[in-house]
Amino acid sequence: MNFFKLKENHTTLKTEIYAGITTFLAMIYIIPLNANIMSNSGMPLTALIVATALITIIATTFSALFSNTPVAMSVGMGLNAYFTFSVCGTYQIPWQTALGAVFLSGLLFTLLSFTNFRVWVIKNIPLDLRKAISAGIGTFIAFMGLIKMGIIAKNDTTLVALGDFSSHQVLFSLFGLFLALTFWAWRIKAAFILAVFISAICAWTFKIDGASFPREIISLPVIYGEDGLSAIFGKLDILGALELSMIPIVLTFFVTQLFDSVGTITGVGARGKIFDNPKDGEKKMGRTLSADALSSALGAVVGTSTVTAFVESSAGVEAGGKTGLSSLVTALCFVLTLFLLPLFEAIPSNSIYPILVLVGILMFAEVASINFKDKSIAVSAFFIILMMPLTYSITTGFAFGFIAYLLMCLLQKEFHKINLGIIVLSSISLLVFFLQFI
């Protein structure tokens with residue numbers, strides 16, 4: 001265990017194992033949730049369950065061994081919804097091409113992670129705008145969750161309205177949301193997955209929407225066949241993603257992952273003072289970001305959307321995890337999920353989508369620390385948060401926000417707030433709108 005330098009990091013084998021299991025319980029929900037979300041793009045559910053588990057194992061193991069930090073990684077929430085509902089849904093782009101865009105963004109992030117680019121971004125992009133993006137993605141995925149639960153429905157007069165609350169689907173979804181909120185309020189580490197399974201058991205017992213108990217719990221992972229991993233593994237269309245019209249999508253994946261990764265990794269590190277050591281703290285952070293970037297590109301090859309550091313790693317850090325050993329334990333725990341395919345397949349979607357809403361709430365909480373007294377920030381944050389769900393597009397919300405920020409700074413003659421980063425991102429935002437009309 002000297003590889004992980006437990007003694008130097010003031011931790012023990014027992015503590016690291018406990019921390020790794022804690023992180024696993026906090027983030028295991030990503031297996032059924034991500035598979036269910038991305039299956040709306042036309043990808044087979046069975047293949048996505050295997051792919052999500054596999055990339056979580058690979059990315060988290062790589063992070064553990066390369067950076068020696070207690071940061072676990074998996075398919076990022078928010079960007080998987082953007083991949084599915086915006087890129088594949090609204091824009092009607094094939095999932096193979098969307099995977100190509102994820103790969104290109106991950107490759108770009110990987111190349112730049114070995115430079116000072118991330119430091120440049122942190123210094124040039126206002127923290128409030130980065131928080132607004134997180135809050136906007138939160139509203140976007142919560143909106144998607146509410147639609148899938150039937151709580152929000154299409155209305156020809158008002159565009160959207162409340163769904164049919166006499167429907168068993170809606171009432172059952174509300175029950176699932178109540179469970180998730182209850183367990184989260186009680187600060188139970190495995191709140192999300194516990195809510196999913198209790199809700200699923202109720203659905204199986206009362207055969208809600210035709211749900212039934214799985215015939216078996218354990219099976220070998222399905223690799224071959226039209227529903228197996230081979231159906232999506234290596235199927236990314238990189239040439240299709242290189243088309244001019246795909247530039248805004250690639251950049252959205254890239255910029256959003258960058259902000260999400262930097263925010264999550266620094267946040268998790270701050271809780272456990274992981275990067276405070278002046279001797280190797282900065283090196284650890286750089287390696288963790290590099291692992292994040294490379295894992296995203298690899299995730300596209302396996303068949304998933306953007307892979308990123310998981311904020312649930314903070315649960316393990318709070319349990320005492322300080323080294324990559326806890327992440328390695330988390331990865332080993334996820335190996336077990338490869339053999340639970342029948343169980344995950346049997347979980348009804350209405351047991352899963354309430355978690356999407358709760359994750360959205362957690363991401364939206366960033367809005368509390370945004371400085372709305374600053375007019376430039378207030379206007380740009382408003383457009384970012386509002387336009388993402390209303391346009392079904394993270395790209396559009398991002399573009400509206402940065403253009404609004406630049407415009408407000410110019411109108412108020414706050415030229416000192418305008419830097420190269422703002423100019424570059426505002427130019428990219430204008431390009432987003434330009435490309436939609438050519």
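As a reminder, the structure under discussion sits directly above these lines.
An account of the accompanying structure is given in this report. Just so it is clear, the model here is predicted, and its values are computed rather than measured.

Observations concerning the overall build of the chain
Then, in step 1: In terms of helices and strands, the chain carries 19 helices and four strands.
Then, in step 2: Taking 438 residues into account, the globule formula puts the C-alpha radius of gyration at 22 Å, and the chain, at 21 Å, falls close to it.
Then, in step 3: Viewed in the frame of its principal axes, the chain has a C-alpha envelope of about 65 × 65 × 45 Å.
Then, in step 4: Taking all 438 residues of the chain together, the buried fraction comes to 59%.
Then, in step 5: Considering only intrachain contacts with a sequence separation of at least 6, the fraction spanning at least 24 residues in the chain is 80%.
Then, in step 6: Surface summary for the chain: the accessible area is close to 18,600 Å², and the carbon and sulfur share equals 67%.
Then, in step 7: Computed over 25 positive and 22 negative side-chain charges, the inter-centroid distance for the chain is 10 Å.

Looking at the packing of aromatic side chains
Then, in step 1: Within this structure, the stated rule accounts for 13 aromatic pairs.
Then, in step 2: Each ring, one from Y29 and one from F192, has its centre 4.9 Å from the other, and the planes form 75°; the classification is edge-to-face. Taken together, the residues span a long stretch of sequence, with Y29 in the loop between α1 (13–27) and α2 (30–38) and F192 in helix α9 (residues 191–206) at a distance of 163 residues. Exposure class is identical for Y29 and F192. Each is buried.
Then, in step 3: Ring plane angle 70° and centroid distance 5.3 Å describe the contact between Y82 and F253, whose orientation is recorded as edge-to-face. On the criterion of sequence distance, the pair formed by Y82 in helix α4 (residues 79–90) and F253 in helix α11 (residues 247–272) is long-range, its members being 171 residues apart.
Then, in step 4: Feature note: the residues F382, F383 and F400 constitute an aromatic cluster, connected by ring pairs.
Then, in step 5: Directly above the aromatic system of F66 lies the positively charged group of R287, at a separation of 4.7 Å from the ring centroid.

Quick word on a positive patch on the surface
Then, in step 1: Together, K5, K279, K283 and R287 make up a positively charged patch on the protein surface.
Then, in step 2: Tracing the chain through its elements places K5 in the segment before α1.

As for unusual backbone geometry
Then, in step 1: A positive phi is found at K207, a non-glycine position, where the angle reads about 50°.
Then, in step 2: Among the secondary structure elements, K207 is positioned in the loop between α9 and α10 (238–241).
Then, in step 3: Although it is not a glycine, K413 sits at a positive phi angle of roughly 55°.
Then, in step 4: Mapped onto the secondary structure, K413 falls in the loop between α18 (394–411) and α19 (420–435).

A short note on α11
Then, in step 1: Here α11 contains 26 residues, and its C-alpha end-to-end distance of 38 Å stays within 8% of the 38 Å for a straight helix at 1.5 Å per residue.
Then, in step 2: Of all 26 residues in α11, 19 are buried; the element is thus mostly enclosed.
Then, in step 3: Immediately beyond the C-terminal end of α11, within one or two residues, lies K273, with a positive phi of roughly 55°.

As for the pattern of salt bridges
Then, in step 1: In total, this model carries three salt bridges according to the counting rule given.
Then, in step 2: Among the salt bridges present, the one from K189 reaches E318, with a minimum N-O distance of 4.0 Å. One end of the pair, K189, is in the loop between α8 (168–185) and α9; the other, E318, is in helix α13 (residues 313–318), with 129 residues separating them in the sequence.
Then, in step 3: Ionic pairing is found between K417 and D374, a salt bridge with its closest N-O pair at 2.6 Å.

Digging into the pairing of strand β3 (residues 159–162)
Then, in step 1: Where strand β2 (residues 152–155) meets β3, four bridges bridge the pair, whose relative direction is antiparallel. Within the sheet, the bridge partner assigned to K154 lies in β3 and is V160.
Then, in step 2: Two successive antiparallel strands, β2 and β3, enclose a turn made up of three residues.

Focus on helix α17 (residues 375–390)
Then, in step 1: In this model α17 runs 22 Å from its N-terminal to its C-terminal C-alpha over 16 residues, within 8% of the 22 Å that 1.5 Å per residue would give.
Then, in step 2: Regarding α17, the residues found buried are S376, I377, A378, S380, A381, I384, I385, M387, M388 and P389.
Then, in step 3: In this structure, the buried side of α17 is in contact with α7 (127–149), α16 (349–364) and α18.
Then, in step 4: The backbone nitrogen of S376 lies 3.0 Å from a side-chain oxygen of the residue at the head of α17, namely D374.
Then, in step 5: Just downstream of α17 lies Y392, where phi reads positive at about 60°.

Procedures and definitions
- Residues numbered from 1 in each chain as written.
- Predicted model: local features only at pLDDT ≥ 70, side-chain atom pairs only at ≥ 80, totals over all residues.
- Heavy atoms only, no water.
- Helix = DSSP H or I, 4+ residues; strand = E, 2+ residues; numbered from the N terminus.
- Rg over C-alpha atoms; globule rule 2.2 N^0.38 Å.
- Buried < 20%, exposed > 50% of the residue type's maximum accessible area, 1.4 Å probe, protein only.
- Contact = heavy atoms within 4.5 Å.
- Areas by Shrake-Rupley, 256 points an atom, 1.4 Å probe, with all protein chains shown as cover.
- Lys, Arg positive; Asp, Glu negative; His and termini not counted.
- Charge placed at Lys NZ, Arg CZ, Asp CG, Glu CD.
- Phe/Tyr/Trp six-rings, centres within 6.5 Å; stacked < 30°, edge-to-face > 60°.
- Lys NZ or Arg CZ within 6 Å of the ring centre and 35° of its normal.
- Patch = residues over 30% accessible without salt bridge, like charges linked within 9 Å, V, L, I, M, F, W, Y side chains within 5 Å.
- Salt bridge = Lys/Arg side-chain N within 4 Å of Asp/Glu carboxyl O.
- Expected span 1.5 Å × (residues − 1).
- Pairing = 2+ DSSP bridges.
- Polar contact = N/O pair within 3.5 Å; in protein donor to acceptor, adjacent residues only side chain to side chain.

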